[in-house]
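# Examination of the molecular architecture
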Amino acid sequence: MNGGNPVIGYIGLGSMGLGMATNLQENLRKRGASLHVHNRTESKANTLLDQGAIWESSPAKIAKNCQITFCSMFADDGLKSTFKKWLNGGPQKGSIYVDSSTVYPGTVKELTYEAEKAGMHYVSAPVFGRPDAALEHRVLFAVAGAKDIKQQLQTYFDWMGRGTLDLGEEPYKANVMKITGNFFIVACVETIAEAMTLAEKNGIPRDTIAHFVSSTFPGPIYPGYAERLAAGDFEISPSSPGFPVTGGCKDLGLMQQLAKESNVPLPLADIIMTHEREAEQQGNGDKDWGCIVDVLRNKAGLGKR
């Protein structure tokens, strides 16, 4: 404890984790405290260390020194490995592990069981938003876990995001929500890509379609993707954030897996996965997943822009 307040740790300083950890550190510093951080590549923590964060050499060290640990991993294997190392570090009884990774609900069920068996609390809190939204505390958290634990964590969610969706007390349900939400988003991308290609093949400029979308479907998702697909700019950078095709393939795989286990057909997800895989095979794995519009353009005989 730090003056009666829990010590906070963060594991995983990738494109999403770094932004959320930055907001935690900023708010902790205002209160005379520091965030304890760990990442597989230490150099990624440099900006946080410059702001007063404290480096820990392993997830086990985070477990030993922190009562609340936030985590953000790219995929299931990384989360499982990190959680095991954290648990083996001997966290205090009642410590809280909060994970914001986009992973399979079955994985969360396994880790929740392991946490409870060891006398710990597991909360799942995946986020909706890109890296720029994480840095600007504009992400939306989908949160599930014990009610009293979520109440303890609400201040930290407020520091990092714009709101929370309460999914109840079973942590895995937050990941069902995350997968479902991502399906909405990628379906939006596919819809724009198909419609824009059809229009272009028949002489309607892509910019006209983008204008129609922004006028008819206000909000950040549809207009944002329509403008990007019209411009054909799919490179990802700090000034032009996005979600890579590799991540899209991973998340679509989670959707397909959940659909299969639930005996729910998702034909649209299957179609989109085909297009994302084609984009990946064409060497575009690190580009924004909206580049599937070029896969469709090629199939339509429109060629390169």
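Reading the values: rules and limits
- Residues numbered from 1 in each chain as written.
- Predicted model: local features only at pLDDT ≥ 70, side-chain atom pairs only at ≥ 80, totals over all residues.
- Heavy atoms only, no water.
- Helix = DSSP H or I, 4+ residues; strand = E, 2+ residues; numbered from the N terminus.
- Rg over C-alpha atoms; globule rule 2.2 N^0.38 Å.
- Buried < 20%, exposed > 50% of the residue type's maximum accessible area, 1.4 Å probe, protein only.
- Contact = heavy atoms within 4.5 Å.
- Areas by Shrake-Rupley, 256 points an atom, 1.4 Å probe, with all protein chains shown as cover.
- Pairing = 2+ DSSP bridges.
- Right-handed = clockwise from strand over helix to strand, strands pointing away.
- Axes fitted to C-alpha atoms, helices over the stretch in contact; angles between N-to-C directions.
- Expected span 1.5 Å × (residues − 1).
- Salt bridge = Lys/Arg side-chain N within 4 Å of Asp/Glu carboxyl O.

Our focus in this paragraph is the overall build of the protein chain. Secondary structure summary: the protein chain contains 13 helices and nine strands in total. Taken against the 2.2 N^0.38 rule, which gives 19 Å for 305 residues, the C-alpha radius of gyration of the protein chain at 20 Å falls within 12% of a compact globule. Across its three principal axes, the protein chain shows a C-alpha extent of roughly 65 × 45 × 35 Å. Relative to its 305 residues, the protein chain shows a buried fraction of 48%. Once local pairs closer than 6 in sequence are excluded, the contacts in the protein chain between residues at least 24 apart make up 67%. Entry remark: accessible area of the protein chain is about 14200 Å², with carbon and sulfur atoms responsible for 53%.

Right, let's get into unusual backbone geometry. Although it is not a glycine, His137 adopts a positive phi angle of roughly 40°. Examined against the element boundaries, His137 turns out to sit in the loop between helix 6 (131–135) and strand 8 (139–143). For His137, a relative accessible area of 40% gives the class partly exposed. A positive phi angle, near 60°, is found at Asn263, a position not held by glycine. With respect to the helices, strands and loops of the structure, Asn263 is situated in the loop between helix 11 (245–262) and helix 12 (267–284).

Quick look at the pairing of strand 9 (residues 161–166) now. Where strand 8 lies against strand 9, five bridges are found, and the strand directions are parallel. Bridging across to strand 9, Leu140 finds its partner in Gly163. Between the parallel pair strand 8 and strand 9, the chain is carried across by helix 7 (residues 147–160), and the sense of this crossover is right-handed.

This part covers the sheet that holds strand 3 (residues 54–55). With parallel pairing, the six strands of this open sheet are ordered in space as 3-2-1-4-5-6. The open sheet has two edge strands with one neighbour each: strand 3 and strand 6 (121–124). Sheet topology places strand 2 (residues 36–38) next to strand 3; two bridges connect them, and they run parallel. Looking across to strand 3, one finds that His36 is bridged to Ile54. Each of strand 1 (8–11) and strand 4 (68–71) touches helix 1 (residues 17–30); the most contacted strand, strand 1, lies at about 165° to it.

Here we come to helix 11. Every α-helical turn comprises 3.6 residues, leaving residues that sit three or four positions apart pointing alike. For helix 11, with 18 residues, the first-to-last C-alpha span of 25 Å sits near the 26 Å given by 1.5 Å per residue. Those residues of helix 11 hidden inside the fold are in contact with helix 4 (76–88), helix 5 (105–117), helix 8 (172–201) and helix 12. Where helix 11 terminates, the next one or two residues include Asn263, which has phi positive at roughly 60°.

What follows covers the sheet that holds strand 9. The strand order 7-8-9 describes an open sheet built from three strands, whose pairing is mixed. Looking at strand neighbours, the two that pair on one side only are strand 7 (127–128) and strand 9, the edges of this open sheet.

Within this structure, the stated rule accounts for 15 salt bridges. Of the charged contacts in the structure, one is a salt bridge between Asp132 and Arg130, with a shortest N-O distance of 3.5 Å. Using a relative accessible area of 22% as the deciding quantity, one classes Asp132 as partly exposed. Overall, Arg130 belongs to the partly exposed group, its relative accessible area being 33%. Between Asp251 and Lys250 there is a salt bridge, with its nearest N and O atoms 2.9 Å apart. Salt bridges sharing common partners tie together Arg130, Asp132, Glu136 and Arg138.

By themselves, these figures tell us nothing about what the structure is for.
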